[in-house]
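Here is what each chain is made of, one letter per residue.
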Amino acid sequence: MKPEELTSMMEKARADMQAFDHHINVCTESGCISLQSDLLLKTLGDEVKHRGLTEKVCVKGVGCMGLCCNGPLVKANTTLYQNVKSEHAPAIVDSLSSQPVQELLCDTQQPFFTRQKLIVRENSGRVDPESLIDCIAHGAYQALLKVLTSMTPQQVIQEIADSGLRGRGGAGFPTGLKWATVAKAPGTRKYVICNGDEGDPGAFMDRSMMEGDPHRVLEGMAIAAYAVGAQQGVIYVRAEYPLAVKRLTKAINMAHRHDLIGHNIFGTKFDFNVEIRLGAGAFVCGEETALIASVEGKRGLPRPRPPYPANSGLFGCPTLINNVETYANIAPIINNGAASFAQIGTEKSKGTKIFALTGKIKNTGLIEVPMGIRLKDIIYDIAGGIPDGRAFKAVQTGGPSGGCIPADMLDITVDYESLTKAGSIMGSGGMIVMDETSNMVDVARFFMEFCMTESCGKCVPCRVGTYEMHELLDRIYEKRGTLDDLQLLKDLCGMVKQTSLCGLGQSAPNPVLSTLRYFEHEYLDLINQAQASEADRNAAAKGESIKLEVLS
Amino acid sequence: MTSAVSSGESITLKIDDKDISCRSGETILAVARENNIDIPTLCFMEGLSVWGGCRLCLVEVAGSPKLQAACATVCTEGMNVVTASPRLKEYRKMIVEMLFAERNHVCSVCVSNGHCELQDMAVKLEIDHVRFPYRYPHLQVDNSHDRARMDHNRCILCTRCVRVCAEIEGAHTKDVKGRGVLAAIIHDLDQPWGESETCTSCGKCVNVCPTGALTHRGTAVGEMQKKTDFLPYLTLMRRTES
Amino acid sequence: MTNATTKPTVATVWLDGCSGCHMSFMDLDERLMTLAGLVDILHSPVVDSKEFPQNVDLTLVEGAVSSEEDLHKANIIRARSKYVIAMGDCAVTGNVPAMRNYWDRSDLFDRAYVENAQEPVSPEARKALLPLAVVPPLRPHATPLHEVIKVDLYLPGCPPPADAIWFVLTELLAGRVPNAMSVSRFGK
Ligand SMILES: Cc1cc2nc3c(=O)[nH]c(=O)nc-3n(C[C@H](O)[C@H](O)[C@H](O)COP(=O)(O)O)c2cc1C
Ligand code: SF4
Ligand code: SF4
Ligand code: SF4
């Protein structure tokens, strides 16, 4: 494809779109599909066809619109409907030229929608992820075009560095710096890898990105490859995400067919190919060195760093590895400029972040919010607070590697630094809300069980330490624990954190440490209850004059 | 030497307040041992690739917030290394205690009693009891091989056997299956060792195994003694030949 | 059981052990006489007393905690002793008694009293004779002593050599805390 072709394709696609009088968008991501939105999409299409309206009404499947708890969501022109079923299809088609279907209405003016800031997800819910043309109509590959035709790799890296973008995969490493390191690393063969392993319980931001707007991820990877001097990309997706795999595969094929990836992209000397590798569902394979081993066909085990993948990664070559959401941020930064991106957020955390809201909260689903928003605003405004009149207790961010934040700290802002200061982490974006019915020892035990079963087993502190911490948590929760057990648990936390080989072990104690920090009384209550019965037994032993037969 | 990539350039560093010079590319562990500074290890073995799993060789490096595995960290100019702070000693103790708690080590009836690196480590680190709850897993003894025996109760998953089999013998009969504490050494596609098509019965794995997990058949309590000298010679000979 | 002298009082107990540690204790040989001059041995399998005394200064415990009775004894020992030594691998690690821990207790009983027994002839009849009523019930696991009570000193070894026992006792009597790992180890 030549540069002009992209523009003409976009213009034509836009004109085609405008030729329709009405648009019906149906969410066809995993969440809504599990509520049969695929059937709904088909039914709506049939309904339009039966009425002979195919020229006038465009019905298409789109990515997630966020409010997953009320899915399937359908957008008919500007009206949003929730909890839509196939039998509602005729009513929705009727409504196009008359009054909205009242009982299905979803208020788009509620804070859930108005307080979000959509940059990464701007096209999610608007484009058909399976249609390259539709994506191009919404601006896909414009940034790649701009980069290849008017920027040097150094300029691209500078732009990303200036934007202040930090990795969205958990650690928040400055993306520009990482790209610069890979660009500088000696070697002619380099790789870019997209980390779509997403193993945190309760997290589905990356799945949504891959299912809802796969071309944006590809475009980000292609730009990164150009910047660092790589020709080959790998997307590592967990096999439990079949729809993401299907859509990414389709996106790659379509992009290939239109020479948006492949040889001499936009007539330049830049070549870029992408292949997909499936993970077999091990949390540790999200860790970059384990992921690389897995791509190489080995057991997915982490290895000591340095060397970092930037210097010696896939097959020993310099390798850039970024998260799905990190790549999805690239195109808007290039299109709108680093300055407009850097304007959003706090001093050290720029742009927006996607969160997956789950747990004891009214609105569960996906949100994209500006960095620096108060946690309180997310919980009470956007997420609508706690259902059933219960009280909020804590929110877990960062999944099993993160920590909980209690009610009296909800005023903190959501950015890398404040979350870390509060004893948690930003992580990849999972937010699990707990209400007053949750016991925090049980919460810690849950996450520890996850780490225990996901530990790869390579290093002793994590392999055995997570088991022992889980065992001690079990004892305490089941009222068999002692203060010594609690002390041992604390000692283990410090030791496992300091001595484990990879991030899984190093962060496994975090949920325990943070629940201890804010809810130690819950541990002590359980221990006191255990001790009461122990004390009875000891008193009995002291006074009793039972004969101690030596042989029995 | 431990590191194959020493380029010969000389650098200086401090280990436990001792001024030391070495060639660039050498690991902290190699340099410490050359200078009679003892850093404990279990998974490391001269002549095999670095694994970095036992975490006993963690040391403090000034300026680095994280502890570094001495076996996997290359010396750099001006580095200041502490190998035995109270914190490191405590961590090492905990690690070895955890190995005892993980599987079933009944030294008194073990064929390696008295000749076991894990046992020696407990003595060296003055471990007189294990603070952690014992796990008591139900594990098997693979008695199917005509020369050797694999007792999973005693295995500490150091993977020395896997590495010697793949890297030195070239058979790659052994590998690891499973995750976390459920991980286990397997033969070929997880079949009884005696049925392995690839095992050459060379016995290298038995000799590099630090514990009573891999032993010769017919050994009774305390009788199994390992010979590990062959490995440095073998690697040295191969290097000079090639 | 009165404590007439000012000599430190000592007790020794065995729980689930093989008595090997006590044999090793007896192997102190003539040093036993010296010991008798230094301490009062109030209670021991080798002393003719049935009841564990109050206010013991030092108790040496052999054996793992296997049955409810062991647990009961351990609690009494702890409540009435100032200083408790776990003597030998069974008390320190669980050792051989803990080798039953990988099986369920009912399977163990079946194996010992039904599968491997010959009398009576019918397995059903053997099953009916399982000793479940009179003997103290087994705990799910045989555990080291410190899993159930606080232990002040650990003396590993299977059994700990007499010299090691002597070293530990004389050091303690001299008011020093001995490093037992300098004289013994697991499996010694
Ligand atoms: C146990 C573990 C699991 C991880 N899982 C993921 C994951 O699922 N997705 C991801 O992008 N990064 C994950 N990471 C972080 C990656 O190692 C790596 O830092 C990240 O992909 C870098 O991308 P970024 O700079 O764009 O954040 C994980 C790290 C650890 C230690
Ligand atoms: S910390 Fe855990 S997951 Fe990471 S290498 Fe060690 S055992 Fe494996
Ligand atoms: S392998 Fe070593 S530590 Fe384990 S039981 Fe045998 S002698 Fe003891
Ligand atoms: S069998 Fe021996 S050498 Fe192999 S992993 Fe286990 S302990 Fe290590």
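Just so it is clear, the model here is predicted, and its values are computed rather than measured. (Residues numbered from 1 in each chain as written. Chains lettered and ligands numbered in written order. Predicted model: local features only at pLDDT ≥ 70, side-chain atom pairs only at ≥ 80, totals over all residues. Heavy atoms only, no water.)

Some details on the pattern of salt bridges
It is possible for side chains bearing opposite charge to pair when their charged atoms get close.
All names here are of chain A.
Here comes step 1: In total, this model carries 53 salt bridges over all chains according to the counting rule given.
Here comes step 2: In this structure, the salt-bridge partner of Glu478 is Arg445, at a minimum N-O distance of 3.9 Å. In this pair, Glu478 is assigned in the loop between α20 (460–477) and α21 (483–499) and Arg445 in helix α19 (residues 440–454), connecting sequence segments 33 residues apart.
Here comes step 3: Through salt bridges with shared partners, one network takes in Arg115, Arg374, Lys376, Asp377, Asp381 and Asp411. (Salt bridge = Lys/Arg side-chain N within 4 Å of Asp/Glu carboxyl O. Helix = DSSP H or I, 4+ residues; strand = E, 2+ residues; numbered from the N terminus.)

Things to note about the interface of chain A and chain B
Here comes step 1: Across the contact, 33 residues belong to chain A and 31 residues belong to chain B.
Here comes step 2: When the two sides are added together, the surface that chain A and chain B hide from each other amounts to roughly 2700 Å², 63% of it contributed by carbon and sulfur.
Here comes step 3: Along the contact surface separating chain A from chain B lie 2 salt bridges.
Here comes step 4: Across the chain A-chain B interface, the total number found is 12 residue pairs in polar contact (both at pLDDT 80 or more).
Here comes step 5: For the side of chain A that touches chain B, the elements supplying multiple residues, two or more each, are α19, α20 and α21 of chain A. (Contact = heavy atoms within 4.5 Å. Buried area = accessible area lost by both parts, 1.4 Å probe. Polar contact = N/O pair within 3.5 Å; in protein donor to acceptor, adjacent residues only side chain to side chain.)

Digging into the domain arrangement of chain A
Residues and elements named next belong to chain A.
Here comes step 1: By the assigned domains, chain A splits into domain 1 (17–108), domain 2 (139–342), domain 3 (352–436) and domain 4 (441–528).
Here comes step 2: One C-alpha centre belongs to domain 2, the other to domain 3, and the line joining them spans 27 Å.
Here comes step 3: On the side of domain 3, 20 residues touch domain 2, which itself brings 16 residues to the contact.
Here comes step 4: Each partner contributes to the roughly 1500 Å² buried at the junction of domain 2 and domain 3, and carbon and sulfur atoms together form 59% of this total. (Domains from an automatic or database assignment.)

Some words on the sheet that holds strand β9 (residues 352–359) of chain A
Residues and elements named next belong to chain A.
Here comes step 1: If you walk across this open sheet you meet the 5 strands as β10-β9-β13-β11-β12, and the pairing is mixed. Bordering the open sheet on either side are β10 (365–370) and β12 (403–406), each of which pairs with just one other strand. With direction set aside, neighbouring strand axes in the sheet form an average angle of 30°.
Here comes step 2: Across 4 bridges, strand β11 (residues 392–397) lies against β12 in antiparallel orientation. Bridge pairing in β12 links Gln396 to Cys404.
Here comes step 3: The strands touched by helix α10 (residues 205–212) are β9, β10 and β13 (430–435); relative to β9, the strand with the most contacts, the crossing angle is about 115°. (Pairing = 2+ DSSP bridges. Axes fitted to C-alpha atoms, helices over the stretch in contact; angles between N-to-C directions.)

Describing the site of ligand 1
Residue and element names in this part refer to chain A.
Here comes step 1: Near ligand 1, the surroundings consist of 18 residues, among which Gly169, Glu198, Asn322, Asn323 and Thr326 are the closest.
Here comes step 2: Lys178 is positioned such that a nitrogen or oxygen atom in its side chain is 2.8 Å from an oxygen atom of ligand 1.
Here comes step 3: In isolation ligand 1 offers 610 Å² of accessible surface; the protein chains occlude 89% of this area.
Here comes step 4: Among the secondary structure elements, those contributing two or more residues to the shell around ligand 1 are β8 (319–323) and α22 (503–507). (Near = heavy atom within 4 Å. Areas by Shrake-Rupley, 256 points an atom, 1.4 Å probe, with all protein chains shown as cover.)

Remarks on the pairing of β11(A)
Note on strand geometry: in a regular strand, side chains alternate between the two faces of the sheet.
Here comes step 1: Counting buried positions along β11(A) gives 6 out of 6 residues, so the element sits mostly inside the fold.
Here comes step 2: Hairpin remark: β11(A) followed by β12(A), antiparallel, with 5 residues in the connecting loop; positive phi at A:Gly398, about 80°. (Buried < 20%, exposed > 50% of the residue type's maximum accessible area, 1.4 Å probe, protein only.)

Quick look at the confidence of the model for chain A
Here comes step 1: Model confidence for chain A is summarised by a mean pLDDT of 95, while 97% of its residues fall at 70 or above.
Here comes step 2: A low-confidence stretch, residues 545–552 of chain A (pLDDT under 50), is modelled with 22 contacts involving residues beyond four sequence positions or located in other chains. (pLDDT = per-residue confidence, 0-100.)

So, the side chain of A:Thr352
Residues and elements named next belong to chain A.
Here comes step 1: If you trace the backbone, Thr352 turns up in strand β9.
Here comes step 2: Judged by relative accessible area, which is 0%, Thr352 ranks as buried.
Here comes step 3: A distance of 2.5 Å separates the side chain of Thr352 from the side chain of Glu368, its partner in a polar contact.
Here comes step 4: Once you skip the residues sitting within four places of it in the chain, Thr352 turns out to touch Lys117, Ile119, Val120, Arg168, Glu325, Ile344, Glu368, Val369, Pro370 and Met371.

So, the packing of aromatic side chains
Here comes step 1: Tallied over the entire structure, the rule returns 11 aromatic pairs over all chains.
Here comes step 2: Judged by centre distance (5.1 Å) and plane angle (65°), the ring pair of A:Phe283 and A:Phe450 falls under edge-to-face. You can see A:Phe283 sitting in the loop between β7 (273–279) and α13 (288–295) and its partner A:Phe450 sitting in helix α19, a full 167 residues away along the chain.
Here comes step 3: Summarising the aromatic geometry, the rings of B:Phe100 and C:Phe186 are spaced 5.2 Å apart at their centres and angled 70° between planes, so their arrangement reads as edge-to-face. Of this pair, B:Phe100 sits in helix α2 (residues 86–102) while C:Phe186 is found in the segment after α7 (162–173), placing the two residues in two different chains. As far as the burial class goes, B:Phe100 and C:Phe186 line up, both buried.
Here comes step 4: What links up through ring pairs into an aromatic cluster is the set A:Tyr226, A:Phe270 and A:Phe272.
Here comes step 5: Over the ring of B:Trp51 we find A:Lys458; its NZ or CZ atom is 4.1 Å from the centre of that ring.
Here comes step 6: For B:Lys174, the ring lying beneath its charged end belongs to B:Trp193, and the centroid distance is 3.9 Å. (Phe/Tyr/Trp six-rings, centres within 6.5 Å; stacked < 30°, edge-to-face > 60°. Lys NZ or Arg CZ within 6 Å of the ring centre and 35° of its normal.)

Focus: empty space enclosed by the protein
Here comes step 1: Inspection of every chain in the model, using the stated rule, returns 8 cavities of 30 Å³ or more.
Here comes step 2: Looking at the largest cavity, it is lined by 16 residues, and the ones nearest its centre are B:His105, B:Val106, B:Tyr134, C:Thr93 and C:Asn95. (1 Å grid on protein atoms, 1.4 Å probe; cavity = no way out; pocket = protein on both sides within 12 Å on 5 of 7 lines; lining within 4 Å. Points joined across faces, edges and corners; volume = space filled by probe spheres on them.)

With respect to the site of ligand 4
Here comes step 1: Around ligand 4 there are 14 residues in total, and B:Cys155, B:Cys158, B:Thr159, B:Cys161 and B:Cys209 lie nearest to it.
Here comes step 2: By residue class, the composition of the shell around ligand 4 is 11 nonpolar, 2 polar and 1 charged. (Nonpolar A, V, L, I, M, F, W, Y, C, P; charged D, E, K, R; others polar.)

Quick word on α2(B)
Turn by turn, an α-helix covers 3.6 residues, leaving residues three or four places apart pointing in a common direction.
Here comes step 1: Between the first and last C-alpha of α2(B) there are 24 Å, a value that for 17 residues agrees with the 24 Å anticipated at 1.5 Å per step.
Here comes step 2: Extensive coverage of α2(B) is indicated by the burial of 12 of its 17 residues.
Here comes step 3: Among the residues making up α2(B), those that are buried are B:Leu88, B:Tyr91, B:Arg92, B:Met94, B:Ile95, B:Val96, B:Glu97, B:Met98, B:Leu99, B:Phe100, B:Ala101 and B:Glu102.
Here comes step 4: In this structure, the buried residues of α2(B) make contact with α20 and α21 of chain A together with β3 (58–61), β5 (80–82) and α3 (117–124) of chain B. (Expected span 1.5 Å × (residues − 1).)

Points about the packing of helix α11 (residues 214–228) of chain A against helix α12 (residues 242–257) of chain A
Residues and elements named next belong to chain A.
Here comes step 1: Orientation of α11 relative to α12, taken along the N-to-C sense of each, is 60°, at an axis distance of 9 Å. With respect to their mutual orientation, α11 and α12 come out oblique. The interaxial crossing formed by α11 with α12 has right-handed handedness. In this structure, α11 uses Pro214, His215 and Leu218 to contact α12, whose residues at the interface are Arg247, Leu248, Ala251, Ile252, Met254 and Ala255.
Here comes step 2: Residues belonging to the contact of α11 with α12 are distributed by class as follows: 7 nonpolar, 1 polar and 1 charged. (Parallel < 35°, antiparallel > 145°, perpendicular 65-115°, else oblique. Left-handed = near helix turned anticlockwise from the far one by under 90°.)

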